[in-house]
Amino acid sequence: MPALRRSSRILAASVSAVAVVVACATFGAAAVSADPVVPTPTAGPPSTPDTERCPYRTSPAAAVDTSEVPPSGQTAPAPLPVPDPPVGGEKLGACGVVTAGNAASIPRGITSAGWLVADAGTGAVLAAKDPHGRYRPASTIKTLLALVALDELDLDTTVTGTRADYSMEGDSAGIGPDGRYTVRQLLQGLLMVSGNDCANALARELGGYEVAVRKMNEMAHRLGAEDTRAASPSGLDAPGMSTSPYDLALIFRAALKDSTFRDLISHVNAPFPGYPPLADVPNDKPHPGYMMQTQNRLLLDDYPGIIGGKTGYTDDARKTFVGAVERSGRTLIVVQMYGLNEVDDSYWDQAKGLLELGFGIPTGESVGRLVDETTSDSSASDPSAGRASSGDGHSGAVAYPSSEDGASGSPWTDRLLFGGIGLVVILGLVYAALRVNRRSR
């Protein structure tokens, strides 16, 4: 079974002041890594990390392991440029807490260094902490991979599992060599149980590891997510990886507009196929399929209005989460990054607190907004262009150059440029008319 062949560790917390590590495996399923629980040394809610001095303005915190050490002979990519002005509004350039509501209503005990709550319908950012701070996404970046796959792949295409899929590090849905899976099933495993094996298989279908990462970054840039650089399809830490609470909300908002994505993240359980006996294991027997169960506790707990979401965890990224809840026709997105799951202070309870904060802020209030997808003349030939376009009536997305193209500019400089060209054309026409008039006299 996948649980028996994966090196993923499953950690649980004791209810006492000392954390106890318990080894366990899922029943007939892939190994699922629960997040470590840190004991709270003193009574009262844990303190929220101080980001007022912008420690993550350009780059995530230093890695705690060797996962981001570049291969021999290579160097880590430079940090992405920091857009100026901030994408989404000036207030979102702050590194501390900004809110459209009462600051006293901010929940206590939020362990995330960065978080954000936004209205998916209007794009209004309701409250945030270090919204453009650079953090590692962990498996929340799989929402970006899913967006690319939904744009480019046929859901009914059958994909054959490989030894590379089977051997992927971390959580898996349970792909085996020569197993057969539809793209839809791979996306289900990707989003429901955070299958790194599914990420590997989908990346192969998209043209290979490097091609898939490039397409993810192109999608992020088109959406206006300028803090984001995917460095792996799965979210496993790699050199140069970064995103932000703002960008995750932007990406997730685009994904929510896809009905298939909404369906995929809404299931508590879903079947996943098995695979044939392993050729290199003597007397091995067929590996049967099993019923996957979501890692999203808000779904498992039937939190009122929950649509779905995506979890993430690595040692470097710590806990990450992005999800959406709908109530009374209003859909809110919550993002949590670089957080901890502490004794008596569940990360899920923290998510609920932030969502309740957001629903308490009246419609029409905001500290900024999630920009709409950028468009260009090249979009006509791009098969994925327009898929995430906004239907809420907003326009005028802020477009910034990527670190690769070396250009600079903003919508204002573009307007001045085109305005100047237009003025020259008009003056030229007037001059030509005067010359014609003189000739006719």
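Per-chain numbering applies: the sequence of each chain, read as written, is numbered from 1 onward. In view of the model being predicted, local features appear only for residues whose pLDDT reaches at least 70, and side-chain atom pairs are presented and counted only at 80 or more, with totals across whole chains, interfaces and linings using the full set of residues. Hydrogens and water molecules were not included; the side-chain quantities draw on all heavy atoms of the structure.

Asks: Please explain the packing of helix α2 (residues 142-152) against helix α7 (residues 245-256) as it appears in this structure.
Replies: Packed helices, taken two at a time, are described by the angle their axes make and the gap between the axes. Orientation is described by axes fitted as lines to C-alpha atoms, over the contacting stretch for helices, and by angles from 0 to 180 degrees between their N-to-C directions. Numbering of helices and strands runs from the N terminus, with a helix taken as a DSSP run of H or I at least four residues long and a strand as a DSSP run of E at least two residues long. Between α2 and α7, the shortest axis-to-axis distance is 9 Å and the interhelical angle comes to 35°. Relative to α7, α2 is oriented so that their crossing is left-handed. For the pair α2 and α7, contact is made by Thr143, Leu144 and Leu147 and by Ile251, Phe252, Ala254 and Ala255, respectively. For a crossing to be left-handed, the near helix must be turned anticlockwise from the far one by less than a right angle; the clockwise case is right-handed. In this description, contact between two residues means that some pair of their heavy atoms is separated by no more than 4.5 Å.

Asks: Looking at this structure, I do not really get the pattern of salt bridges. What am I missing?
Replies: Any Lys or Arg side-chain nitrogen found within 4 Å of a carboxyl oxygen on Asp or Glu counts as a salt bridge. Counted by the stated rule, this structure contains 14 salt bridges. We note a salt bridge from Glu373 to Arg222, for which the minimum N-O separation is 3.0 Å. Residue Glu373 is located in the loop between β13 (368-369) and α11 (411-440), and its partner Arg222 is located in helix α6 (residues 209-223); the two are separated by 151 residues in the primary sequence. A simple rule labels every residue: compare its accessible area, found with a 1.4 Å probe on the protein chains alone, to the largest value its type can have, and call it buried under 20%, exposed over 50%, or partly exposed in between. Take Glu373: its relative accessible area is 12%, and that puts it in the buried class. The residue Arg262 makes a salt bridge to Glu326 at a minimum N-O spacing of 3.8 Å. In this pair, Arg262 sits in helix α8 (residues 259-264) while Glu326 sits in strand β10 (residues 318-327), placing the two residues 64 residues apart along the sequence.

Asks: Any chance you could explain the environment of Lys215 here in plain terms?
Replies: Within the secondary structure, Lys215 is located in helix α6. The exposure class of Lys215 is buried, given its relative accessible area of 17%. Along the primary structure Lys215 and Ala149 are separated by 66 residues, whereas in three dimensions their C-alpha atoms are 9.6 Å apart. Look past the residues within four positions of Lys215 in its chain and what remains in contact with it is Val148, Glu152 and Leu206.

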